[in-house]
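# Structural overview
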Amino acid sequence: MDKQTAFRNLPAVHKVLGLPETQELLGEFPFSSVSSAVSTAIEQLRQSFAENRPSDAWWEEHSRPEAILEQAQKIVQQRFAQHLRPVLNLTGVVIHTNLGRAPLSERALRAVERVARGYSNLEYDLPGGKRGSRHVHVEQRICELTGAEAALVVNNNAAAVFLVLRELAKGGDGVVSRGQLVEIGGSFRVPEIMRESGVELVEVGTTNKTKLADYENAISERTKLILKVHTSNFRIVGFTEQPALDQLVELAHSHDLPVFEDLGSGALFDYMTHGIGDDPTIQGSVAAGVDVLSFSGDKLLGGAQAGIIVGKKRYIDRLKKNQLTRALRVDKMTLAALEATLIAHLDEDLARTEVPVVRMLTEPEAAIHTRCLQILNDLETDQGITRAFDLDCAREGSAVGGGALPLESLPSWVIRLRSRSTPVQVLFTDLRQVPSLPIVGRIVDDMVVLDVRTLLPGQEPLLTQGLRQVAVVHAHGSEGDVAH
Ligand SMILES: *Cc1c(COP(=O)(O)O)cnc(C)c1O
(Lines give C-alpha, C1' and ligand atoms only; values in the text may rest on other atoms or scores of the structure.)
Protein backbone atom coordinates (compact mmCIF):
# COMPACT_ATOMS: atom_id res chain seq x y z
CA MET A 1 0.00 0.00 0.00
CA ASP A 2 1.38 3.41 -0.84
CA LYS A 3 1.41 6.20 1.67
CA GLN A 4 -1.38 8.21 0.07
CA THR A 5 -3.81 5.29 -0.04
CA ALA A 6 -2.91 4.32 3.50
CA PHE A 7 -3.45 7.80 4.89
CA ARG A 8 -6.68 8.24 2.92
CA ASN A 9 -8.02 5.12 4.69
CA LEU A 10 -7.45 6.62 8.13
CA PRO A 11 -10.73 7.57 9.81
CA ALA A 12 -11.41 11.21 10.69
CA VAL A 13 -11.30 12.20 14.36
CA HIS A 14 -15.06 12.86 14.49
CA LYS A 15 -15.73 9.38 13.16
CA VAL A 16 -13.83 7.79 16.06
CA LEU A 17 -15.51 10.15 18.52
CA GLY A 18 -18.88 9.10 17.08
CA LEU A 19 -18.38 5.41 17.88
CA PRO A 20 -20.86 4.12 20.49
CA GLU A 21 -17.87 2.79 22.52
CA THR A 22 -16.50 6.33 22.82
CA GLN A 23 -19.44 7.35 25.02
CA GLU A 24 -18.05 5.42 27.96
CA LEU A 25 -14.69 7.15 27.68
CA LEU A 26 -16.41 10.53 27.42
CA GLY A 27 -18.24 9.77 30.65
CA GLU A 28 -14.89 9.47 32.39
CA PHE A 29 -12.72 12.13 30.73
CA PRO A 30 -13.32 15.62 29.27
CA PHE A 31 -14.25 15.82 25.58
CA SER A 32 -11.22 17.92 24.66
CA SER A 33 -8.81 15.37 26.15
CA VAL A 34 -10.48 12.39 24.47
CA SER A 35 -10.55 14.25 21.17
CA SER A 36 -6.90 15.20 21.39
CA ALA A 37 -5.99 11.61 22.36
CA VAL A 38 -7.75 10.37 19.22
CA SER A 39 -5.75 12.88 17.14
CA THR A 40 -2.55 11.69 18.80
CA ALA A 41 -3.42 8.05 18.12
CA ILE A 42 -3.98 8.85 14.43
CA GLU A 43 -0.75 10.83 14.28
CA GLN A 44 1.12 7.91 15.84
CA LEU A 45 -0.22 5.66 13.07
CA ARG A 46 1.01 8.08 10.41
CA GLN A 47 4.45 8.11 11.97
CA SER A 48 4.48 4.38 12.31
CA PHE A 49 3.71 4.06 8.58
CA ALA A 50 6.56 6.37 7.66
CA GLU A 51 9.03 4.62 9.96
CA ASN A 52 8.08 0.95 9.73
CA ARG A 53 6.29 0.49 6.39
CA PRO A 54 3.87 -2.01 7.95
CA SER A 55 2.18 -4.81 6.02
CA ASP A 56 -1.27 -4.16 4.53
CA ALA A 57 -2.83 -6.57 7.03
CA TRP A 58 -1.22 -4.75 9.97
CA TRP A 59 -2.35 -1.38 8.63
CA GLU A 60 -5.93 -2.52 8.04
CA GLU A 61 -6.13 -3.96 11.54
CA HIS A 62 -4.67 -0.91 13.28
CA SER A 63 -6.36 1.83 11.30
CA ARG A 64 -9.87 0.65 12.17
CA PRO A 65 -11.74 3.32 14.20
CA GLU A 66 -12.15 0.82 17.05
CA ALA A 67 -8.43 0.13 17.17
CA ILE A 68 -7.69 3.86 17.19
CA LEU A 69 -10.16 4.35 19.99
CA GLU A 70 -8.42 1.64 21.99
CA GLN A 71 -5.09 3.40 21.58
CA ALA A 72 -6.70 6.77 22.41
CA GLN A 73 -8.12 5.25 25.57
CA LYS A 74 -4.63 4.20 26.69
CA ILE A 75 -3.30 7.69 25.97
CA VAL A 76 -6.02 9.52 27.87
CA GLN A 77 -5.95 7.09 30.81
CA GLN A 78 -2.22 7.51 31.17
CA ARG A 79 -2.51 11.29 30.96
CA PHE A 80 -4.94 11.39 33.86
CA ALA A 81 -3.32 8.64 35.95
CA GLN A 82 -1.90 9.50 39.38
CA HIS A 83 1.83 8.87 39.39
CA LEU A 84 1.97 8.60 43.18
CA ARG A 85 -0.02 5.50 43.96
CA PRO A 86 -0.39 2.67 46.45
CA VAL A 87 1.68 -0.52 46.37
CA LEU A 88 1.55 -3.75 48.34
CA ASN A 89 4.48 -3.83 50.75
CA LEU A 90 5.55 -7.45 51.12
CA THR A 91 9.17 -6.66 51.95
CA GLY A 92 8.63 -7.25 55.65
CA VAL A 93 10.22 -3.86 56.35
CA VAL A 94 7.58 -2.21 58.50
CA ILE A 95 8.78 1.41 58.34
CA HIS A 96 9.87 1.39 54.69
CA THR A 97 11.11 4.88 53.81
CA ASN A 98 10.92 4.26 50.05
CA LEU A 99 7.36 2.96 50.36
CA GLY A 100 6.04 5.90 52.38
CA ARG A 101 7.03 4.89 55.94
CA ALA A 102 4.06 4.61 58.31
CA PRO A 103 0.61 3.71 56.95
CA LEU A 104 -1.97 5.76 58.83
CA SER A 105 -4.61 4.37 61.15
CA GLU A 106 -8.31 4.56 60.32
CA ARG A 107 -8.72 7.17 63.05
CA ALA A 108 -5.99 9.30 61.48
CA LEU A 109 -7.46 8.93 57.99
CA ARG A 110 -10.88 9.99 59.22
CA ALA A 111 -9.35 12.99 61.01
CA VAL A 112 -7.48 14.05 57.85
CA GLU A 113 -10.55 13.72 55.73
CA ARG A 114 -12.69 15.73 58.15
CA VAL A 115 -10.38 18.75 58.20
CA ALA A 116 -9.18 18.53 54.60
CA ARG A 117 -12.64 18.39 53.08
CA GLY A 118 -13.70 21.76 54.43
CA TYR A 119 -12.71 24.54 56.80
CA SER A 120 -11.40 23.98 60.30
CA ASN A 121 -10.26 25.80 63.44
CA LEU A 122 -6.62 25.41 62.33
CA GLU A 123 -5.65 28.89 63.50
CA TYR A 124 -8.90 30.07 64.99
CA ASP A 125 -9.72 30.22 68.66
CA LEU A 126 -13.38 29.23 68.68
CA PRO A 127 -14.32 30.30 72.25
CA GLY A 128 -12.54 33.65 71.86
CA GLY A 129 -13.55 34.21 68.23
CA LYS A 130 -10.05 35.41 67.37
CA ARG A 131 -6.88 34.26 65.70
CA GLY A 132 -5.43 31.13 67.27
CA SER A 133 -2.28 29.05 66.92
CA ARG A 134 -1.91 25.87 64.91
CA HIS A 135 0.42 24.52 67.59
CA VAL A 136 -2.27 24.19 70.27
CA HIS A 137 -4.02 21.21 68.70
CA VAL A 138 -1.29 18.74 69.58
CA GLU A 139 0.96 20.44 72.14
CA GLN A 140 -0.99 19.48 75.24
CA ARG A 141 -1.34 15.89 74.19
CA ILE A 142 2.33 15.54 73.34
CA CYS A 143 3.18 16.97 76.75
CA GLU A 144 0.77 14.62 78.48
CA LEU A 145 2.18 11.58 76.69
CA THR A 146 5.87 12.44 77.03
CA GLY A 147 5.91 14.28 80.34
CA ALA A 148 7.56 17.30 78.69
CA GLU A 149 6.76 20.94 79.58
CA ALA A 150 6.23 22.12 76.02
CA ALA A 151 6.19 20.87 72.43
CA LEU A 152 6.41 22.07 68.85
CA VAL A 153 5.80 20.25 65.57
CA VAL A 154 7.66 20.95 62.33
CA ASN A 155 7.84 19.32 58.92
CA ASN A 156 10.13 16.39 59.72
CA ASN A 157 12.81 15.43 62.17
CA ALA A 158 15.64 16.67 59.95
CA ALA A 159 13.98 20.10 60.06
CA ALA A 160 13.55 19.78 63.82
CA VAL A 161 17.28 19.10 64.34
CA PHE A 162 18.21 22.00 62.08
CA LEU A 163 15.88 24.40 63.87
CA VAL A 164 17.05 23.41 67.36
CA LEU A 165 20.73 23.64 66.47
CA ARG A 166 20.27 27.00 64.79
CA GLU A 167 18.24 28.58 67.57
CA LEU A 168 20.18 27.20 70.52
CA ALA A 169 23.76 26.97 69.26
CA LYS A 170 24.33 29.11 66.15
CA GLY A 171 27.73 30.80 66.25
CA GLY A 172 28.95 28.55 69.06
CA ASP A 173 30.18 25.02 69.68
CA GLY A 174 28.07 21.88 69.82
CA VAL A 175 29.71 18.93 71.54
CA VAL A 176 29.06 15.46 70.07
CA SER A 177 30.52 12.02 70.74
CA ARG A 178 32.55 10.52 67.88
CA GLY A 179 30.37 7.44 68.18
CA GLN A 180 27.30 9.45 67.15
CA LEU A 181 28.38 11.21 63.96
CA VAL A 182 25.82 9.33 61.92
CA GLU A 183 24.47 9.51 58.41
CA ILE A 184 20.78 8.85 58.02
CA GLY A 185 19.46 8.14 54.55
CA GLY A 186 22.19 9.88 52.56
CA SER A 187 21.20 13.50 52.80
CA PHE A 188 21.20 13.82 56.58
CA ARG A 189 24.69 13.72 58.12
CA VAL A 190 25.29 15.09 61.59
CA PRO A 191 28.54 16.99 60.77
CA GLU A 192 26.92 18.57 57.71
CA ILE A 193 23.67 19.56 59.37
CA MET A 194 25.71 21.22 62.13
CA ARG A 195 27.72 23.18 59.59
CA GLU A 196 24.52 24.20 57.77
CA SER A 197 23.01 25.45 61.01
CA GLY A 198 26.08 27.49 61.85
CA VAL A 199 27.24 25.36 64.76
CA GLU A 200 30.89 24.39 65.19
CA LEU A 201 31.16 20.64 65.69
CA VAL A 202 33.37 19.64 68.60
CA GLU A 203 33.98 15.90 68.51
CA VAL A 204 34.78 14.10 71.72
CA GLY A 205 35.79 10.56 72.68
CA THR A 206 36.41 7.80 70.18
CA THR A 207 34.25 5.74 67.86
CA ASN A 208 33.54 3.09 70.49
CA LYS A 209 34.15 4.84 73.82
CA THR A 210 33.21 8.27 75.05
CA LYS A 211 33.51 9.12 78.74
CA LEU A 212 31.91 11.87 80.77
CA ALA A 213 35.36 13.43 81.21
CA ASP A 214 35.70 13.73 77.42
CA TYR A 215 32.62 15.95 77.37
CA GLU A 216 33.81 17.90 80.39
CA ASN A 217 37.22 18.61 78.83
CA ALA A 218 35.62 19.87 75.62
CA ILE A 219 33.35 22.43 77.29
CA SER A 220 34.61 25.98 76.85
CA GLU A 221 33.35 29.58 76.70
CA ARG A 222 32.19 28.88 73.15
CA THR A 223 30.10 25.82 74.01
CA LYS A 224 26.37 26.35 73.55
CA LEU A 225 24.96 22.86 73.64
CA ILE A 226 25.64 19.17 74.09
CA LEU A 227 24.13 17.08 71.34
CA LYS A 228 23.28 13.44 71.69
CA VAL A 229 22.31 11.63 68.49
CA HIS A 230 20.57 8.31 68.43
CA THR A 231 22.66 5.96 66.26
CA SER A 232 19.47 4.91 64.50
CA ASN A 233 20.66 2.73 61.69
CA PHE A 234 23.75 1.13 63.17
CA ARG A 235 25.11 -0.18 66.46
CA ILE A 236 28.58 -0.22 67.92
CA VAL A 237 28.87 -3.43 69.89
CA GLY A 238 31.59 -4.96 72.04
CA PHE A 239 34.05 -2.74 73.90
CA THR A 240 31.88 0.37 74.13
CA GLU A 241 31.02 3.13 76.56
CA GLN A 242 28.76 6.17 76.71
CA PRO A 243 27.96 8.13 79.86
CA ALA A 244 24.49 7.62 81.32
CA LEU A 245 22.02 10.21 80.11
CA ASP A 246 21.36 11.65 83.58
CA GLN A 247 25.11 12.13 84.15
CA LEU A 248 25.44 13.95 80.86
CA VAL A 249 22.50 16.15 81.82
CA GLU A 250 24.03 16.88 85.23
CA LEU A 251 27.34 17.86 83.64
CA ALA A 252 25.66 20.15 81.08
CA HIS A 253 23.50 21.82 83.71
CA SER A 254 26.48 22.43 85.97
CA HIS A 255 27.86 24.54 83.10
CA ASP A 256 24.48 26.12 82.35
CA LEU A 257 24.24 24.32 79.01
CA PRO A 258 21.27 22.51 77.47
CA VAL A 259 21.36 18.90 76.27
CA PHE A 260 19.61 18.26 72.97
CA GLU A 261 18.85 14.66 72.05
CA ASP A 262 17.96 13.68 68.50
CA LEU A 263 16.06 10.50 69.20
CA GLY A 264 15.45 9.66 65.55
CA SER A 265 12.61 7.15 65.72
CA GLY A 266 11.36 8.03 69.15
CA ALA A 267 8.72 5.67 70.49
CA LEU A 268 5.83 6.44 72.81
CA PHE A 269 4.88 2.78 72.83
CA ASP A 270 7.20 0.73 75.03
CA TYR A 271 8.43 -1.76 72.41
CA MET A 272 11.13 -3.00 74.78
CA THR A 273 8.63 -4.57 77.15
CA HIS A 274 7.23 -6.43 74.14
CA GLY A 275 10.65 -7.90 73.48
CA ILE A 276 11.45 -5.60 70.57
CA GLY A 277 14.72 -3.68 70.58
CA ASP A 278 16.56 -1.95 73.39
CA ASP A 279 15.46 1.63 72.84
CA PRO A 280 14.17 3.64 75.77
CA THR A 281 10.93 5.52 75.21
CA ILE A 282 10.69 9.28 74.69
CA GLN A 283 9.18 9.49 78.18
CA GLY A 284 12.39 7.94 79.53
CA SER A 285 14.63 10.62 78.00
CA VAL A 286 12.35 13.40 79.21
CA ALA A 287 12.46 11.94 82.71
CA ALA A 288 16.27 11.85 82.58
CA GLY A 289 16.14 15.67 82.37
CA VAL A 290 17.14 16.19 78.72
CA ASP A 291 16.29 19.81 77.86
CA VAL A 292 15.18 19.40 74.24
CA LEU A 293 14.39 16.22 72.28
CA SER A 294 13.30 15.63 68.72
CA PHE A 295 11.91 12.62 66.86
CA SER A 296 9.98 11.66 63.73
CA GLY A 297 6.20 11.43 63.57
CA ASP A 298 6.23 8.64 60.98
CA LYS A 299 8.76 6.17 62.33
CA LEU A 300 8.05 4.15 65.49
CA LEU A 301 5.28 6.57 66.46
CA GLY A 302 3.31 5.43 63.40
CA GLY A 303 1.77 8.76 62.40
CA ALA A 304 2.24 11.36 59.66
CA GLN A 305 5.55 12.82 58.49
CA ALA A 306 6.53 15.37 61.13
CA GLY A 307 9.36 16.42 63.39
CA ILE A 308 8.26 16.59 67.00
CA ILE A 309 10.27 18.71 69.40
CA VAL A 310 9.64 18.45 73.13
CA GLY A 311 11.39 19.87 76.16
CA LYS A 312 11.70 22.67 78.67
CA LYS A 313 9.34 25.54 78.06
CA ARG A 314 12.01 28.23 77.97
CA TYR A 315 13.75 26.54 75.02
CA ILE A 316 10.59 25.58 73.13
CA ASP A 317 9.37 29.19 73.49
CA ARG A 318 12.54 30.38 71.77
CA LEU A 319 12.01 27.88 68.95
CA LYS A 320 8.42 29.04 68.47
CA LYS A 321 9.64 32.61 67.93
CA ASN A 322 12.32 31.67 65.41
CA GLN A 323 11.49 32.81 61.84
CA LEU A 324 12.47 29.38 60.54
CA THR A 325 9.57 27.80 62.40
CA ARG A 326 7.18 29.52 60.00
CA ALA A 327 9.09 28.10 57.04
CA LEU A 328 9.06 24.62 58.52
CA ARG A 329 5.44 24.55 59.66
CA VAL A 330 3.15 21.56 59.12
CA ASP A 331 -0.19 21.68 57.36
CA LYS A 332 -3.64 20.81 58.69
CA MET A 333 -3.62 17.27 57.30
CA THR A 334 -0.42 16.44 59.13
CA LEU A 335 -1.73 17.91 62.36
CA ALA A 336 -4.99 16.00 62.05
CA ALA A 337 -3.22 12.68 61.43
CA LEU A 338 -0.72 13.33 64.19
CA GLU A 339 -3.38 14.27 66.73
CA ALA A 340 -5.38 11.13 65.94
CA THR A 341 -2.24 8.99 66.30
CA LEU A 342 -1.46 10.62 69.65
CA ILE A 343 -5.01 9.90 70.84
CA ALA A 344 -4.48 6.21 70.04
CA HIS A 345 -1.28 6.29 72.11
CA LEU A 346 -3.27 7.33 75.20
CA ASP A 347 -3.75 3.62 75.82
CA GLU A 348 -1.22 0.89 75.01
CA ASP A 349 -3.84 -1.63 73.86
CA LEU A 350 -5.51 0.99 71.70
CA ALA A 351 -2.17 1.83 70.07
CA ARG A 352 -1.53 -1.84 69.44
CA THR A 353 -4.87 -2.46 67.77
CA GLU A 354 -5.19 0.86 65.92
CA VAL A 355 -1.79 2.13 64.85
CA PRO A 356 -0.58 0.01 61.93
CA VAL A 357 3.15 0.33 62.72
CA VAL A 358 2.64 -0.70 66.35
CA ARG A 359 0.29 -3.51 65.35
CA MET A 360 2.65 -4.89 62.69
CA LEU A 361 5.70 -4.74 64.94
CA THR A 362 3.96 -6.49 67.81
CA GLU A 363 1.97 -9.08 65.85
CA PRO A 364 2.82 -12.51 67.27
CA GLU A 365 4.61 -14.94 64.98
CA ALA A 366 1.82 -17.52 65.34
CA ALA A 367 -0.74 -15.03 64.01
CA ILE A 368 1.44 -14.21 61.01
CA HIS A 369 1.91 -17.95 60.40
CA THR A 370 -1.85 -18.48 60.39
CA ARG A 371 -2.36 -15.62 57.93
CA CYS A 372 0.42 -16.95 55.72
CA LEU A 373 -1.18 -20.42 55.56
CA GLN A 374 -4.57 -18.90 54.75
CA ILE A 375 -3.11 -16.87 51.91
CA LEU A 376 -1.24 -19.90 50.57
CA ASN A 377 -4.46 -21.89 50.74
CA ASP A 378 -6.33 -19.24 48.76
CA LEU A 379 -3.59 -18.98 46.16
CA GLU A 380 -3.51 -22.76 45.73
CA THR A 381 -7.20 -22.88 44.82
CA ASP A 382 -6.43 -20.71 41.77
CA GLN A 383 -5.40 -22.91 38.87
CA GLY A 384 -3.85 -20.06 36.92
CA ILE A 385 -1.55 -19.36 39.84
CA THR A 386 -0.58 -22.97 40.56
CA ARG A 387 0.10 -23.59 36.89
CA ALA A 388 2.51 -20.66 36.71
CA PHE A 389 4.20 -20.82 40.11
CA ASP A 390 5.66 -23.13 42.72
CA LEU A 391 4.53 -21.82 46.09
CA ASP A 392 5.02 -22.53 49.77
CA CYS A 393 5.24 -20.88 53.19
CA ALA A 394 8.54 -20.43 55.01
CA ARG A 395 9.88 -18.83 58.16
CA GLU A 396 11.86 -15.63 57.59
CA GLY A 397 12.76 -12.45 59.43
CA SER A 398 11.15 -9.02 59.05
CA ALA A 399 12.93 -5.74 59.76
CA VAL A 400 11.71 -2.67 61.62
CA GLY A 401 13.10 -0.23 59.02
CA GLY A 402 13.12 3.57 59.02
CA GLY A 403 16.63 3.42 60.42
CA ALA A 404 15.19 2.07 63.66
CA LEU A 405 16.42 -0.95 65.60
CA PRO A 406 18.79 -2.15 62.85
CA LEU A 407 19.79 -5.36 64.65
CA GLU A 408 16.25 -6.49 65.25
CA SER A 409 14.99 -9.37 63.12
CA LEU A 410 11.38 -10.16 63.89
CA PRO A 411 10.44 -13.81 63.26
CA SER A 412 7.92 -13.82 60.42
CA TRP A 413 6.34 -15.95 57.70
CA VAL A 414 6.58 -15.49 53.95
CA ILE A 415 5.03 -16.88 50.79
CA ARG A 416 7.86 -18.17 48.59
CA LEU A 417 7.25 -17.95 44.88
CA ARG A 418 9.09 -19.39 41.91
CA SER A 419 7.93 -19.04 38.32
CA ARG A 420 7.99 -22.25 36.27
CA SER A 421 8.89 -20.33 33.14
CA THR A 422 10.94 -17.26 33.98
CA PRO A 423 14.01 -16.37 36.03
CA VAL A 424 13.48 -14.94 39.49
CA GLN A 425 14.63 -11.46 38.46
CA VAL A 426 11.96 -11.29 35.76
CA LEU A 427 9.27 -12.43 38.18
CA PHE A 428 10.47 -9.85 40.71
CA THR A 429 10.23 -7.10 38.07
CA ASP A 430 6.83 -8.25 36.78
CA LEU A 431 5.39 -8.19 40.29
CA ARG A 432 6.48 -4.58 40.70
CA GLN A 433 4.59 -3.70 37.53
CA VAL A 434 1.24 -5.30 38.20
CA PRO A 435 -1.15 -2.69 36.74
CA SER A 436 -3.80 -2.87 39.47
CA LEU A 437 -1.48 -2.71 42.50
CA PRO A 438 2.29 -3.25 42.29
CA ILE A 439 3.66 -6.01 44.54
CA VAL A 440 7.01 -5.27 46.19
CA GLY A 441 8.75 -8.26 47.75
CA ARG A 442 12.37 -9.33 47.97
CA ILE A 443 14.56 -12.09 46.61
CA VAL A 444 15.97 -14.80 48.88
CA ASP A 445 17.79 -17.88 47.54
CA ASP A 446 16.53 -17.53 43.98
CA MET A 447 12.93 -17.14 45.05
CA VAL A 448 10.65 -14.16 45.47
CA VAL A 449 9.58 -13.99 49.10
CA LEU A 450 6.47 -12.10 50.15
CA ASP A 451 6.54 -11.28 53.86
CA VAL A 452 3.01 -11.40 55.23
CA ARG A 453 3.77 -9.18 58.26
CA THR A 454 3.53 -5.99 56.20
CA LEU A 455 0.46 -6.99 54.19
CA LEU A 456 -2.30 -4.81 55.62
CA PRO A 457 -5.66 -6.26 56.72
CA GLY A 458 -8.00 -6.66 53.79
CA GLN A 459 -5.24 -6.59 51.17
CA GLU A 460 -5.19 -10.38 50.71
CA PRO A 461 -7.57 -10.42 47.70
CA LEU A 462 -5.45 -7.70 46.05
CA LEU A 463 -2.38 -9.92 46.38
CA THR A 464 -4.22 -12.86 44.83
CA GLN A 465 -5.51 -10.65 42.03
CA GLY A 466 -2.03 -9.29 41.29
CA LEU A 467 -0.44 -12.74 41.30
CA ARG A 468 -3.17 -13.95 38.95
CA GLN A 469 -2.34 -11.17 36.49
CA VAL A 470 1.36 -12.08 36.53
CA ALA A 471 0.51 -15.78 36.33
CA VAL A 472 -1.30 -15.25 33.03
CA VAL A 473 1.89 -13.92 31.46
CA HIS A 474 4.12 -16.58 33.01
CA ALA A 475 1.82 -19.50 32.22
CA HIS A 476 2.04 -18.58 28.55
CA GLY A 477 5.81 -18.68 28.90
CA SER A 478 5.72 -22.23 30.21
CA GLU A 479 3.72 -23.36 27.20
CA GLY A 480 6.52 -22.21 24.96
CA ASP A 481 5.03 -18.88 23.90
CA VAL A 482 6.95 -15.65 24.08
CA ALA A 483 6.24 -14.17 27.49
CA HIS A 484 8.35 -11.05 27.28
C1 LIG B 1 15.32 9.45 60.79
C2 LIG B 1 16.22 10.32 61.57
C3 LIG B 1 16.33 11.67 61.28
C4 LIG B 1 15.54 12.30 60.17
O5 LIG B 1 14.18 12.26 60.45
P6 LIG B 1 13.11 12.58 59.29
O7 LIG B 1 11.80 12.53 59.98
O8 LIG B 1 13.30 11.52 58.26
O9 LIG B 1 13.44 13.91 58.76
C10 LIG B 1 17.18 12.44 62.03
N11 LIG B 1 17.92 11.90 63.02
C12 LIG B 1 17.85 10.58 63.33
C13 LIG B 1 18.71 10.05 64.43
C14 LIG B 1 17.00 9.75 62.61
O15 LIG B 1 16.92 8.44 62.90
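A short tour of the structure in this document, coming up. All values reported here derive from a predicted model rather than from experimental measurement. (Residues numbered from 1 in each chain as written. Predicted model: local features only at pLDDT ≥ 70, side-chain atom pairs only at ≥ 80, totals over all residues. Heavy atoms only, no water.)

### Describing the overall build of the chain
Of regular secondary structure, the chain possesses 22 helices and 18 strands. Each of the three principal axes of the chain carries a C-alpha extent, and together these read 90 × 55 × 45 Å. Counting only contacts in the chain whose residues sit at least 6 apart along the sequence, the fraction spanning at least 24 positions is 75%. When the accessible area of the chain is evaluated, it comes to approximately 23,700 Å², of which 49% is carbon and sulfur surface. (Helix = DSSP H or I, 4+ residues; strand = E, 2+ residues; numbered from the N terminus. Contact = heavy atoms within 4.5 Å. Areas by Shrake-Rupley, 256 points an atom, 1.4 Å probe, with all protein chains shown as cover.)

### Focus on the site of the ligand
The ligand sits among R101, N156, N157, A158, I184, F188, H230, S232, D262, G264, S296 and K299. Interatomic distance of 3.1 Å between a backbone N/O atom of N157 and an oxygen atom of the ligand. Within the complex, 93% of the 380 Å² of free accessible area of the ligand lies under protein. Taken together, the elements giving at least two residues each to the shell around the ligand come down to α9 (157–169) and β11 (259–264). Per-class residue counts for the shell around the ligand are 3 nonpolar, 6 polar and 3 charged. (Near = heavy atom within 4 Å. Polar contact = N/O pair within 3.5 Å; in protein donor to acceptor, adjacent residues only side chain to side chain. Nonpolar A, V, L, I, M, F, W, Y, C, P; charged D, E, K, R; others polar.)

### Overview of the pattern of salt bridges
Opposite charge on two side chains allows them to pair when their charged atoms are near. Throughout the structure, instances matching the rule amount to 31 salt bridges. Notably, a salt bridge pairs D173 with R222, separated by 3.0 Å at the nearest N-O pair. Of this pair, D173 sits in strand β6 (residues 173–177) while R222 sits in the loop between α11 (212–218) and β10 (223–229); the two residues are 49 residues apart in sequence, bridging distant segments of the chain. Judged by relative accessible area, which is 42%, R222 ranks as partly exposed. D382 is the partner of R468 in a salt bridge, and the nearest nitrogen-oxygen pair spans 2.4 Å. Here R468 is found in helix α22 (residues 460–478), whereas its partner D382 is found in the loop between α19 (365–380) and α20 (383–388), with 86 residues between them in sequence. (Salt bridge = Lys/Arg side-chain N within 4 Å of Asp/Glu carboxyl O. Buried < 20%, exposed > 50% of the residue type's maximum accessible area, 1.4 Å probe, protein only.)

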